Amino acid sequence: MMTSFLSNNLIESIAWTIVHSLWQVTIIACVLAIILRLAPQLSSLNKYYLSISALGISVMAAIITFTTYYGVDSATNEVLVNSLRYQAQLYIAEESPCWAIDLSSINNYVLAIVNAWVIGSILFFLRFMGGFIYLRGIVKKASHRNTKLQDIFKKLNKRYGIHRKIDIRESISVTTPMVVGYLKPIILFPIGLVNQLSTNEIEAILAHELAHIKRHDYLVNLFQIVAETLFYFNPAIWYISSRIRYERENCCDDMAINYTRSSIGYAKTLVRL
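Described below are features of the structure shown in this document. Remember, it's a predicted structure, so these values are computed and weren't measured experimentally.

Examining the overall build of the chain
A tally of regular secondary structure across the chain gives nine helices and three strands. Going residue by residue from the N terminus, the α and β elements of the chain occur as α-α-α-α-α-β-β-β-α-α-α-α. Per-residue burial over the chain gives 40% buried out of 273 residues. A fraction of 71% describes how many contacts in the chain between residues 6 or more apart in sequence connect residues 24 or more apart. Of the roughly 15,700 Å² that the chain leaves accessible, carbon and sulfur atoms contribute 65%.

Section: the pattern of salt bridges
The final tally for this structure, using the stated rule, is four salt bridges. Note that Arg 169 and Asp 167 form a salt bridge whose closest N and O atoms lie 2.8 Å from each other. Under the relative-accessibility criterion, Asp 167 is labelled partly exposed at 21%. For Glu 228, the salt bridge is made with Arg 245, and the minimal N-O distance between the two is 2.7 Å. One end of the pair, Glu 228, is in helix 7 (residues 217-230); the other, Arg 245, is in helix 8 (residues 235-260), with 17 residues separating them in the sequence. Residue classification places Arg 245 among the partly exposed positions, given a relative accessible area of 30%.

Some words on the state of the cysteines
The full count for this structure, using the stated rule, is zero disulfides. Counting only cysteine sulfurs, Cys 252 is the nearest neighbor of Cys 251, a cysteine outside any disulfide, at a range of 6.8 Å. Taking relative accessible area as the criterion, Cys 252 reaches 0% and is therefore assigned buried.

So, the sheet that holds strand 1 (residues 167-171)
In space, the three strands of this open sheet follow the order 1-3-2, with mixed pairing throughout. Looking at strand neighbours, the two that pair on one side only are strand 1 and strand 2 (178-180), the edges of this open sheet. If you compare each strand with its neighbour and ignore which way they point, the axes differ by 30° on average. Here strand 1 pairs with strand 3 (residues 186-190) via five bridges, running parallel.

Observations concerning the packing of helix 2 (residues 44-70) against helix 8
In contact at an axis separation of 8 Å, helix 2 and helix 8 are set at 150° when each is read in the N-to-C sense. With respect to helix 8, the axis of helix 2 lies roughly antiparallel. In terms of crossing hand, the pair formed by helix 2 and helix 8 is left-handed. Between helix 2 and helix 8, the contacting residues are Ser 44, Leu 45, Lys 47, Tyr 48, Ser 51, Ile 52, Ala 54, Leu 55 and Ser 58 on the first element and Ile 237, Ile 240, Arg 243, Ile 244, Glu 247, Arg 248, Asn 250, Cys 251 and Asp 254 on the second. Of the residues in the contact of helix 2 with helix 8, the class split is nine nonpolar, four polar and five charged.

Section: helix 1 (residues 8-38)
With 31 residues, helix 1 ought to run about 45 Å at 1.5 Å a step, and its terminal C-alpha atoms sit 45 Å apart, in line with that. At Ser 21, helix 1 is bent by approximately 35°, the largest bend along its length.

Some thoughts on the side chain of Ser 58
Along the chain, Ser 58 falls in helix 2. Accessibility expressed as a relative area gives 1% for Ser 58, which makes it buried. Only 2.8 Å separates the side chain of Ser 58 from the backbone oxygen of Ala 54, close enough to count as a polar contact. Here Ser 58 is in contact with Val 25, Ile 28, Ile 237 and Ile 240, once residues within four sequence places are set aside.

Topic: the layout of surface pockets
For the largest pocket, the calculated volume is near 720 Å³. Lining of the largest pocket is provided by 29 residues; of these, Val 179, Tyr 218, Asn 221, Arg 245 and Arg 248 occupy positions nearest its centre. When residues of the lining of the largest pocket are traced back to their parent elements, those giving at least two are helix 4 (110-141), strand 2, helix 6 (199-214), helix 7 and helix 8. Residue contributions to the lining of the largest pocket peak at seven residues, all from helix 7. Of the residues contributing to the lining of the largest pocket, the split by class is 14 nonpolar, seven polar and eight charged.

Reading guide: rules and limits
Residues numbered from 1 in each chain as written. Predicted model: local features only at pLDDT ≥ 70, side-chain atom pairs only at ≥ 80, totals over all residues. Heavy atoms only, no water. Helix = DSSP H or I, 4+ residues; strand = E, 2+ residues; numbered from the N terminus. Buried < 20%, exposed > 50% of the residue type's maximum accessible area, 1.4 Å probe, protein only. Contact = heavy atoms within 4.5 Å. Areas by Shrake-Rupley, 256 points an atom, 1.4 Å probe, with all protein chains shown as cover. Salt bridge = Lys/Arg side-chain N within 4 Å of Asp/Glu carboxyl O. Disulfide = S-S within 2.5 Å. Pairing = 2+ DSSP bridges. Axes fitted to C-alpha atoms, helices over the stretch in contact; angles between N-to-C directions. Parallel < 35°, antiparallel > 145°, perpendicular 65-115°, else oblique. Left-handed = near helix turned anticlockwise from the far one by under 90°. Nonpolar A, V, L, I, M, F, W, Y, C, P; charged D, E, K, R; others polar. Expected span 1.5 Å × (residues − 1). Bend = angle between axes of the 7 residues up to and from the residue. Polar contact = N/O pair within 3.5 Å; in protein donor to acceptor, adjacent residues only side chain to side chain. 1 Å grid on protein atoms, 1.4 Å probe; cavity = no way out; pocket = protein on both sides within 12 Å on 5 of 7 lines; lining within 4 Å. Points joined across faces, edges and corners; volume = space filled by probe spheres on them.

If you want it as structure tokens, here you go:
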């Protein structure tokens with residue numbers, strides 16, 4: 001079994017953290033959805049910060065739950081958990097007898113829960129590593145040949161005031177522009193696309209990608225990947241993460257529009273792309 005090297009207290013703590021995270025994150029995701037629905041006038045930046053906060057609170061709730069269960073010895077933990085279960089069962093039975101639930105039955109499946117979680121997390125980690133290795137292979141094969149693209153990029157980089165070294169390459173393996181890496185960021189541009197776009201359109205696209213670098217979006221994305229790997233079983237986490245990605249793109253669009261000073265022109269560029 002995957003959990004054979006873990007103590008009983010640790011296994012129980014992880015299992016109950018997983019169980020509680022289902023309702024905890026669901027509540028957080030519902031609150032986020034309600035706020036976004038009731039306040040559509042919020043800027044994309046504020047919506048982005050709200051979504052990141054929701055993900056951070058979700059992770060913190062899980063950490064607090066885990067430390068609460070793991071911070072006491074097994075005997076005390078069992079007494080507290082049994083007391084809470086009894087009170088919950090009594091309340092449910094009094095309020096709605098037909099929906100009474102035997103929460104103690106979860107204890108019979110803690111090993112199965114933790115084993116499934118460990119296996120799933122490993123698979124999602126391998127999925128991430130496979131994608132990372134694949135991207136590194138694309139970067140190594142990407143060329144540097146396009147003086148027009150390099151000249152436009154240098155002009156834009158000065159405007160954004162980014163002092164880190166940024167490389168820009170053309171690749172036959174990508175279909176849309178993208179940023180790879182954080183310490184040494186690389187912008188990948190689809191090969192041949194430069195010849196199909198005007199200078200203004202190329203500037204608009206590069207402005208969007210440089211916005212990702214200036215905003216340090218790669219670090220937030222790594223945090224999302226960690227959360228998705230650990231909470232892959234929770235649909236609420238995927239909802240929150242999808243909102244972060246959606247609002248992130250909106251934020252970069254806003255920065256690109258601010259640079260190009262033409263929302264209509266930028267929209268036309270996106271359509272062409």
